Amino acid sequence: TDLAHIRNFSIVAHIDHGKSTLADRLIHSTGTVTDREMKEQLLDSMDIERERGITIKAQTVRLEYKAKDGETYILNLIDTPGHVDFAYEVSRSMRAVEGSLLVVDASQGVEAQTLANVYQAIDADHEIVPVLNKIDLPAAEPDRVKEQIEDVIGIDAADAVMISAKTGVGIPDVLEAIVTRLPAPSGNRDAPLKAMLVDSWYDAYLGVVVLVRIKDGVLKKGDRIRMMANGTVHHVDRIGVFRPGMLTVDELGPGEIGFLTASIKQVRDTSVGDTITHEKKGCEAPLPGFKPSQPVVFCGLFPVDTAEFEDLRDAIEKLALNDASFSHEMETSAALGFGFRCGFLGLLHLEVIRDRLEREYDIDLITTAPSVIYQIHLTDGTTMEMHNPADMPEAVRVDHVEEPRIKATILVPDDYLGDVLKLCQDRRGIQLDLTYAGSRALVVYDLPLNEVVFDFYDRLKSVTKGYASFDYQITGYRTDNLVKMQILVNDEPVDALSTMVHRDRAETRGRVMCEKLKELIPQHMFKVPIQAAIGGRIIARETISALRKDVTAKCYGGDVSRKRKLLDKQKAGKKKMRQFGKVDIPQEAFISALKMD
Ligand code: GDP
Ligand code: MG
């Protein structure tokens, strides 16, 4: 295909504004699939994604569209992940296309993720076509939302396309706008091959499938290619496009988007954003801006039942084959035994992996307190990267500690502004900006990542009754007065409950954690003291009173079935607990204790 007849684009939107529904419509109305083949939400393939209404892995589809000018165009849609945890993947896939449809729900208006994603599109120099969706809803206010797009984002919305992805109204206008308003790609067929590795995943039949965007040159079956980041060479055994099923083609030329397979064993051997060229007569310099994606949130995953450690290892290794951004290494904990220290792109990524381990592999897990990466500057002048508060050196060896900070963007209706400012202030936030867009406030805060990883998002949703939207990006490291707080249960330190806290907040945090643990840990036959400590100093304390023996005695000799029930219940409860010294701690304690409400 000649370049003038290609359009490459992505759809950017806040969650639930209709990105998947629009993509399905475009696929449908270009006759790419028949009605019968049309599954709802074609592009979201994983169950968890569908349940949570998010798209985790970027996917793509090639559409053929006969435009009003009588010419047939190839439209390549790249579906980008919609969540902040995957910001790097989003930014790479944006660089693989020339334009974006900016979808905004006309009954809701611009949200935090609309902003974050559209800024990525602007950074990638995209031509942007605003699309107002859900105009079938009585609550739709297209004029107000157009104004908002102009005020808040600063792009012209006069020619926004009005659609209902649900009813199909306006879909032909979207297709025409793609052809007439988005630029064709550029590239040189005769230059050495230069292709961007946009995404890769494991397919049970084909092995690793690599999604590529050809910038220059031509990729053919049988070619020997080199991945420029790690220098590995592979023999291409298949190339093709998605319609949306896989369709083999002979070659991919400049401007085209498609896939290759090359007997690559693991997704780990490919890096998103890398440049692919030919082994011989390759291009000289890779595409700019490549960086491997790095985990930012770490936690320990331990089996509730120690006998399941090998199962957990197998499951984690299988998941890791298909997810290069997830890291794991073995960890031993005095209290929890053998498990893994795992790294994730963010909290959602953590939850997705933990859910899959529990659901697909049927392993009950104890998840320890999530931690960010701290830079520990030691008195001997060296620096260590710490992923686990259990590894914190003794206080005398530590000169100072740096923690990662984020820039958070929050959009919230005026009525809840006060609560949001208070929440950010409570989390050691520094206000950077506060502006108004209609009846909503746009709040920008500098916050420590560690104050956000536990439950910030949940708290934000609850104080604003679900009306606030939130997005963030990591900005860098800053020194603060951070100390390690230990929790002692029955005088034994439980390393899985150790956290890094700001010194000024340690007492409050410690008190809350002790109170929570008092609620969460069942009574025993003896008194159980729960203490929070910094260094050797106790800063908070609670005591769980001993179980009175006559509590169960009530049942004895009485109703047998009731007694049986009580015993069964105790047994079931046991399964989800782990023993620490002489004390049973239930699984949910590890996360619940950290929540700050
Ligand atoms: P995504 O998260 O951006 O991919 O959003 P979805 O495409 O999954 O849509 C979110 C919800 O909005 C779904 O329940 C859709 O059925 C609904 N929806 C999408 N487009 C429209 C529309 O034009 N009108 C109405 N009324 N609902 C829509
Ligand atoms: Mg979707």
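Residues numbered from 1 in each chain as written. Chains lettered and ligands numbered in written order. Predicted model: local features only at pLDDT ≥ 70, side-chain atom pairs only at ≥ 80, totals over all residues. Heavy atoms only, no water.

### A few points about the nonpolar core
Reasoning step 1: Ranked by size, the top nonpolar core spans 52 residues in total, and within it L357, I410, V412 and F456 carry the most contacts.
Reasoning step 2: Counting residues in each nonpolar core, the second largest holds 29 residues, with V304, V501, M513 and I544 among its members. (Core = buried A, V, L, I, M, F, W, Y, C linked by side-chain atoms within 4.5 Å. Buried < 20%, exposed > 50% of the residue type's maximum accessible area, 1.4 Å probe, protein only.)

### Regarding the confidence of the model for the protein chain
Reasoning step 1: For the protein chain, the mean per-residue pLDDT works out to 86, and 88% of the residues sit at or above 70.
Reasoning step 2: Note on residues 35–58: pLDDT under 50 across the span, and 60 contacts to partners over four residues away in sequence or across chains. (pLDDT = per-residue confidence, 0-100. Contact = heavy atoms within 4.5 Å.)

### Observations regarding the site of ligand 1
Reasoning step 1: Within the structure, ligand 1 sits among 17 residues, and D16, K19, S20, T21 and D136 are positioned closest to it.
Reasoning step 2: At 2.7 Å, a backbone N or O of D16 approaches an oxygen atom of ligand 1.
Reasoning step 3: Take A165: an N or O atom from its main chain is 3.0 Å from an oxygen atom of ligand 1.
Reasoning step 4: Look at ligand 1: alone it shows 580 Å² of surface, and the protein chains cover 79% of it.
Reasoning step 5: Classifying every residue of the shell around ligand 1 gives three nonpolar, nine polar and five charged. (Near = heavy atom within 4 Å. Polar contact = N/O pair within 3.5 Å; in protein donor to acceptor, adjacent residues only side chain to side chain. Areas by Shrake-Rupley, 256 points an atom, 1.4 Å probe, with all protein chains shown as cover. Nonpolar A, V, L, I, M, F, W, Y, C, P; charged D, E, K, R; others polar.)

### Re the UniProt feature "binding site: GTP" (unreviewed entry) in the protein chain
Reasoning step 1: In this structure's numbering, the residues bearing the UniProt feature "binding site: GTP" (unreviewed entry) are D16, H17, G18, K19, S20, T21, N133, K134, I135 and D136.
Reasoning step 2: Tracing the sequence through the fold places S20 in helix α1 (residues 19–29).
Reasoning step 3: Structurally, K134 can be placed in the loop between β5 (127–133) and α5 (142–153).
Reasoning step 4: Apart from the residues lying within four places of it in its own chain, the contact partners of K134 are D16, H17, D105, A140, I163 and S164. (UniProt positions renumbered as here; feature names shortened; annotations may be inferred. Helix = DSSP H or I, 4+ residues; strand = E, 2+ residues; numbered from the N terminus.)

### Some words on unusual backbone geometry
Reasoning step 1: Phi angles above zero are rare outside glycine, and D16 is one such case at about 75 degrees.
Reasoning step 2: Relative accessible area serves as the criterion here: at 57%, D16 is assigned to the exposed category.
Reasoning step 3: Positive phi values are uncommon outside glycine, yet D362 reaches one of about 55 degrees.

### Some remarks on a negative patch on the surface
Reasoning step 1: A grouping of D143, E147, E150, D151, D156 and D159 is seen on the molecular surface, where their side chains present a negatively charged patch.
Reasoning step 2: Here D151 shows up in helix α5.
Reasoning step 3: Since its relative accessible area comes to 60%, D151 is described here as exposed. (Patch = residues over 30% accessible without salt bridge, like charges linked within 9 Å, V, L, I, M, F, W, Y side chains within 5 Å. Salt bridge = Lys/Arg side-chain N within 4 Å of Asp/Glu carboxyl O. Lys, Arg positive; Asp, Glu negative; His and termini not counted. Charge placed at Lys NZ, Arg CZ, Asp CG, Glu CD.)

### Structural notes on the sheet that holds strand β13 (residues 246–248)
Reasoning step 1: Strand order in the open sheet made by the eight strands is β11-β10-β16-β7-β8-β15-β12-β13, with antiparallel pairing throughout. Strand pairing shows two members of the sheet lacking a second neighbour, β11 (233–235) and β13, which therefore form its edges. Direction aside, neighbouring strands of the sheet carry axes that sit 40 degrees apart on average.
Reasoning step 2: Pairing between strand β10 (residues 224–227) and strand β16 (residues 275–278): three bridges, direction antiparallel. Each bridged residue has a counterpart across the sheet, and for I225 the counterpart in β16 is H278. (Pairing = 2+ DSSP bridges. Axes fitted to C-alpha atoms, helices over the stretch in contact; angles between N-to-C directions.)

### Let's talk about the environment of D480
Reasoning step 1: Tracing the backbone through its elements, the reader meets D480 in strand β27 (residues 469–480).
Reasoning step 2: Distance in space between the C-alpha atoms of D480 and P448 is 9.7 Å, their sequence separation being 32 residues.
Reasoning step 3: Within the structure, the side chain of D480 is placed 2.8 Å from the side chain of H502, a separation counted as a polar contact.

### A few points about the pairing of strand β4 (residues 99–105)
Reasoning step 1: Most of β4 is tucked away, with seven of its seven residues classed as buried.
Reasoning step 2: Residue alternation in β4 divides its side chains into two sets, G99, L101, V103 and D105 and S100, L102 and V104, and both sets are buried.
Reasoning step 3: Both strand β1 (residues 6–13) and β4 contribute to a ladder of five bridges, which runs parallel. Among the inter-strand pairings, A13 is bridged to a residue of β4, identified as V103.
Reasoning step 4: Tracing the backbone out of β4, into helix α4 (residues 112–123) and back to the parallel element β5 gives a crossover that is right-handed. (Right-handed = clockwise from strand over helix to strand, strands pointing away.)

### Describing the pairing of strand β31 (residues 528–534)
Reasoning step 1: The buried fraction of β31 is high, at seven of seven residues.
Reasoning step 2: On β31, burial covers both faces: V528, I530, A532 and I534 on one face and P529, Q531 and A533 on the other are all buried.
Reasoning step 3: Here five bridges tie strand β28 (residues 482–489) to β31, and the two strands are oriented antiparallel to one another. When the sheet's bridge partners are listed, L488 is paired in β31 with Q531.
Reasoning step 4: Bridge count between β31 and strand β32 (residues 537–544): seven bridges; the pairing is antiparallel. Counted as the bridge partner of P529 is T543 from β32.
Reasoning step 5: Count of turn residues in the β31/β32 antiparallel hairpin: two residues, of which G535 carries a positive phi of about 60 degrees.

### A few points about the packing of helix α7 (residues 309–321) against helix α8 (residues 347–359)
Reasoning step 1: Direction vectors running N to C along α7 and α8 enclose 130 degrees, while the axes themselves pass 11 Å from each other. Put simply, α7 runs oblique to α8. α8 is crossed by α7, and the crossing has right-handed handedness. For the pair formed by α7 and α8, the contact residues are L312, A315, I316 and L319 on the first element and I353, R356 and L357 on the second.
Reasoning step 2: Grouping the amino acids of the contact of α7 with α8 by side-chain chemistry returns six nonpolar, no polar and one charged. (Parallel < 35°, antiparallel > 145°, perpendicular 65-115°, else oblique. Left-handed = near helix turned anticlockwise from the far one by under 90°.)

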